[in-house]
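A closer look at the structure
Chain by chain, the residues:
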Amino acid sequence: MREQYRSQDFTEKDLAADPMNQFARWFRQVAAGGMLHEPNAMVVSTATPEGRPSSRTVLLKHYDDRGFVFFTNYGSRKGRELTANPYASLLFPWHPLARQVIVTGSAARVGRDETVAYFRTRPHGSQLGAWASEQSSVVGSREELVGRYEELDARYPEGEKVPAPPQWGGFRVVPDTVEFWQGRENRLHDRLRYVREGTGWRVERLCP
């Protein structure tokens, strides 16, 4: 199984001045193209202090000059690992466009006000789900999980304000490097990486 990528040139002159503006440029193109079901899906990789890695797919909920934000249960595996070892990697696998964005950096919890503001925008069922699921912990059965949800649904019916769980919130990944990968013919892919250097960024080209 092999595909020959026939993409346009992607050179240094095409880059924005900083990686977040370049990310915004690519993200808008991917989102507008309609080729991906969830263009904000990203693979988040974390590791224990001993270096044992783990990965999972989550949804990017916000990005700006400060970094990339997603939300989770702080007691989940990724939440515990980021608390003990804040270094993380993000991967946006935009395969239909033969593009990837790879981010490395450090993660920190967002402010509680930011978490609560986002929680208010979630659908009612998703708000209840954040309470019902002790993410990454062992559960006896599907019925047990659904039972927790139904109890919460009875306590907080549709239209009633659901408080944000104290164990649930956001992480912001502040990038140290951001690589933009464009597939090219004969596996001679374009890989342009921004590297944080003081208050600015240095761009380097990587061999494919």
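Residues numbered from 1 in each chain as written. Predicted model: local features only at pLDDT ≥ 70, side-chain atom pairs only at ≥ 80, totals over all residues. Heavy atoms only, no water.

1. What about unusual backbone geometry?
With a phi angle near 55°, Ala-98 is a residue other than glycine that sits in the positive phi range. Tracing the sequence through the fold places Ala-98 in the loop between β5 (87–94) and β6 (99–109). Despite not being glycine, Asn-186 has its phi angle at roughly 60°, a positive value. Looking at where Asn-186 falls in the secondary structure, it is placed in the loop between β7 (168–182) and β8 (190–197). What makes Asn-186 exposed here is its relative accessible area of 56%. (Helix = DSSP H or I, 4+ residues; strand = E, 2+ residues; numbered from the N terminus. Buried < 20%, exposed > 50% of the residue type's maximum accessible area, 1.4 Å probe, protein only.)

2. Brief notes about helix α2 (residues 77–84)
Of the positions making up α2, those classed as buried are Lys-78, Gly-79, Glu-81 and Leu-82. Here the buried residues of α2 occupy an arc of 170° about the axis, which is enough to place them on one side. At its buried positions, α2 is contacted by β1 (41–47), β2 (53–59), β4 (67–73), β5, β6 and β7. (Arc of directions from axis to C-beta. Contact = heavy atoms within 4.5 Å.)

3. What to know about the pattern of salt bridges
Summed over the entire model, instances satisfying the criterion amount to 13 salt bridges. Between Arg-148 and Glu-144 there is a salt bridge whose closest N-O contact spans 3.1 Å. Linking Arg-148 with Glu-144, this pair stays in helix α5 (residues 142–155), spanning four residues, or about one helical turn. The class of Arg-148 is partly exposed, set by a relative accessible area of 22%. Judged by its relative accessible area of 37%, Glu-144 is partly exposed. Note that Glu-179 is salt-bridged to Arg-191, the shortest N-O span being 2.6 Å. Of this pair, Glu-179 sits in strand β7 while Arg-191 sits in strand β8, and the two are twelve residues apart along the sequence. Given the relative accessible area of 6%, Glu-179 is considered buried. One network of salt bridges, in which partners are shared, links Asp-9, Glu-12, Arg-184, Asp-190 and Arg-205. (Salt bridge = Lys/Arg side-chain N within 4 Å of Asp/Glu carboxyl O.)

4. Points about the layout of surface pockets
To find the voids left in a structure, one rolls a probe of water-molecule size over its atoms. The volume enclosed by the largest pocket comes to roughly 310 Å³. Going through the elements one at a time, β2, β4 and α4 (124–132) are the ones with two or more residues in the lining of the largest pocket. Looking at the lining of the largest pocket, the element that brings in the most residues is β4, giving four residues. Partitioning the lining of the largest pocket into residue classes produces seven nonpolar, six polar and three charged. As a volume, the second largest pocket reaches approximately 220 Å³. Lining the second largest pocket are Ser-7, Gln-8, Asp-9, Phe-10, Asp-14, Gln-22, Arg-25, Trp-26, Gln-29, Leu-97, Arg-99 and Gln-182. Per element, the largest residue contribution to the lining of the second largest pocket is four residues, and it comes from helix α1 (residues 19–33). Each residue belonging to the lining of the second largest pocket can be placed in one class, and the counts come to three nonpolar, five polar and four charged. (1 Å grid on protein atoms, 1.4 Å probe; cavity = no way out; pocket = protein on both sides within 12 Å on 5 of 7 lines; lining within 4 Å. Points joined across faces, edges and corners; volume = space filled by probe spheres on them. Nonpolar A, V, L, I, M, F, W, Y, C, P; charged D, E, K, R; others polar.)

5. Here we look at the pairing of β2
Only one face of β2 is buried: it carries Ser-54, Arg-56 and Val-58, and the other face, with Pro-53, Ser-55, Thr-57 and Leu-59, is open. Joining the antiparallel neighbours β1 and β2 is a turn of five residues, in which Gly-51 adopts a positive phi near 95°. (Pairing = 2+ DSSP bridges.)

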